[in-house]
Amino acid sequence: MKPYLMQLSKTMAYALRHQPAQFGLTLDEEGWVLVDDLVAALRRHRHDWQGVGPEDFAQVIAQSDKKRYEMRDGKIRAYYGHSTPQKVAQEVSAPPVILFHGTTPRAARIIHVEGLKPMRRQYVHLSADLETARQVALRRTPRPIILRVSALEAYQEGIKFYLGNDSVWLSEPVPPRFITEG
Ligand code: HQG
């Protein structure tokens, strides 16, 4: 991906996941903003982004290694990752039997005691497959620890799970009894 699009994708994450107000944006209940409003916000944000437009968002979406943003009907949103105080409503869904969570050795030790918490985000983030979990952990450590979450069992005991995209699931906090290592 060209550096221009990578920079754009990162700024889109700030605007759509973390600091919409700083961009003069308000996410609706499902995290959507109008594409035109995001365009205007980004043009205000950087003077060399005067030419930014919806086709650039489409390129970010098409060329990205991950499915981070969804654009349709003149609106755009992030699938996951939000940290705004107002919780973005996600679609409750029955998860697969096992989901994965990639993390650091240090965090893993705490998670075995306290369970998985959303930390700075609105939801716990889980991976549909081992390789995705490994990549998530590699952002933070050269020694990934992969935790297995008995997701369906947890769901059946009342913990809500939400479909983020094809490879990312979201959930409420997960107690340690549903978590094993390796
Ligand atoms: C850890 C990226 C201590 C957790 C990724 C993680 C993902 C605890 C960190 C998405 C804990 C939070 C989310 C507890 C959890 N005590 N540490 N009780 N419970 N943790 O970034 O899952 O590239 O908020 O293990 O690929 O790493 O941005 O979550 O290490 O899909 O699109 O606290 O963000 O996607 O870190 O990553 P994060 P995450 P993007």
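Quick caveat: nothing in here was measured; it's all calculated off a predicted structure.

Parameters at a glance
- Residues numbered from 1 in each chain as written.
- Predicted model: local features only at pLDDT ≥ 70, side-chain atom pairs only at ≥ 80, totals over all residues.
- Heavy atoms only, no water.
- Core = buried A, V, L, I, M, F, W, Y, C linked by side-chain atoms within 4.5 Å.
- Buried < 20%, exposed > 50% of the residue type's maximum accessible area, 1.4 Å probe, protein only.
- Helix = DSSP H or I, 4+ residues; strand = E, 2+ residues; numbered from the N terminus.
- Contact = heavy atoms within 4.5 Å.
- Near = heavy atom within 4 Å.
- Areas by Shrake-Rupley, 256 points an atom, 1.4 Å probe, with all protein chains shown as cover.
- Nonpolar A, V, L, I, M, F, W, Y, C, P; charged D, E, K, R; others polar.
- Domains from an automatic or database assignment.

(A) Region of the structure containing the nonpolar core. One finds Leu8, Met12, Leu16, Leu38, Leu42, Phe57 and Ile76 to be the most contacted residues of the largest nonpolar core, which totals 23 residues. Every element with two or more residues in this core is listed here: α1 (3–18), α2 (35–45), α3 (54–63) and β3 (75–78). Broken down by element, the residue count for this core peaks at 6 residues, all from α1. When sequence neighbours within four positions are dropped, the list of residues in contact with isoleucine 76 reads Met12, Leu16, Gly31, Trp32, Val33, Val35, Leu38, Phe57, Glu70 and Met71.

(B) Structural view of the site of the ligand. The local shell around the ligand holds 19 residues, among which Lys66, His101, Thr103, Arg121 and Arg140 are the closest. In the complex, the protein chains occlude 88% of the 790 Å² of accessible area that the ligand would expose alone. Listed by contribution, the elements that provide at least two residues to the shell around the ligand are β4 (98–103) and α4 (105–114). Residues of the shell around the ligand, tallied by class, amount to 7 nonpolar, 4 polar and 8 charged. When residues of the shell around the ligand are sorted by domain, at least three fall in each of domain 1 (3–78) and domain 2 (98–181).

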